[in-house]
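Tertiary structure, described
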Amino acid sequence: MTRTCENCGFVNQDDYDFCAKCGTPLVEGLKPNNVYVYRAQQPQINKKALIGAYIVTIFLSWSGFVAGIISKHTNFAIFTFFGFFMPFYLVQSKHPTLRKHGLIMMMISLVGVALSFYVMFH
Ligand SMILES: [Zn+2]
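Residues numbered from 1 in each chain as written. Predicted model: local features only at pLDDT ≥ 70, side-chain atom pairs only at ≥ 80, totals over all residues.

Observations regarding the overall build of the protein
Operational definition: Secondary structure elements follow DSSP: runs of H or I of four or more residues count as helices, runs of E of two or more count as strands, with numbering from the N terminus. Between the buried cut of 20 or more and the exposed cut of 12 or fewer other C-beta atoms within 10 Å of a residue's own C-beta lies the partly exposed class, and all C-beta atoms are placed from the backbone. Throughout, a residue-residue contact means that the two C-beta atoms, derived from backbone geometry, are no farther apart than 7 Å.
The secondary structure content of the protein amounts to 3 helices and 2 strands. If you list the helices and strands of the protein from N to C, you get β-β-α-α-α. Residues classed as buried in the protein amount to 19% of the 122 residues present. Considering only intrachain contacts with a sequence separation of at least 6, the fraction spanning at least 24 residues in the protein is 34%.

Printed below as a string of structure tokens:
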């Protein structure tokens, strides 16, 4: 047995009291419900991808610092702005954990870029 929504025609599982699509009550006597009836599945965070993002961010934002130490006359610090790409992308994520990591990467990038410019001008 399935429960077909009278409002939108969505075919719901028979143990749903509200339409999974529009929230309309499927059982008489229930008030309309606008909250999600089923728990939306949180996308799994790919740990390897996250570690990769950290490595890329650290490499990009700190490379100018390392290059500046090796060679005083380098404009490599400008390249470090690419280090903001990954954290900037992550802080816009819908996933709170990814946003948190994005902020951490943003801090790592800021320090790296600041150090890169410091060694470039000193
Ligand atoms: Zn519906």
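Some details on the packing of helix H1 (residues 47-70) against helix H3 (residues 96-121)
The criterion, for reference: Axis geometry follows a simple rule: fit a line to the C-alpha atoms, using only the stretch in contact for helices, then measure angles between N-to-C directions, giving values from 0 to 180 degrees. These descriptions rest on fixed angle ranges, namely under 35 degrees for roughly parallel, over 145 for roughly antiparallel, 65 to 115 for roughly perpendicular, and the rest for oblique.
For the pair H1 and H3, interaxial distance at closest approach is 6 Å and the crossing angle is 10°. It follows that H1 is roughly parallel to H3 by the angle criterion. Residues Leu50, Ala53, Tyr54, Thr57, Ile58, Ser61, Trp62, Gly64, Phe65, Gly68 and Ile69 of H1 pack against His101, Met105, Ile108, Ser109, Gly112, Val113, Leu115, Ser116, Val119 and Met120 of H3.

Topic: H1
Selection criterion: Expected span of a helix, by definition, is 1.5 Å for each gap between consecutive residues, and there is one gap fewer than residues. To get the bend at a given residue, fit one axis to the seven residues ending there, fit another to the seven starting there, and take the angle between those axes.
With 24 residues, H1 extends 33 Å from end C-alpha to end C-alpha; this agrees with the ideal 34 Å at 1.5 Å per step. Taking the largest bend as the criterion, H1 deviates by roughly 40°, centred on Trp62. Residues of H1 that are buried make contact with helix H2 (85-90) and H3.

The values are spatial; any link to function lies outside them.
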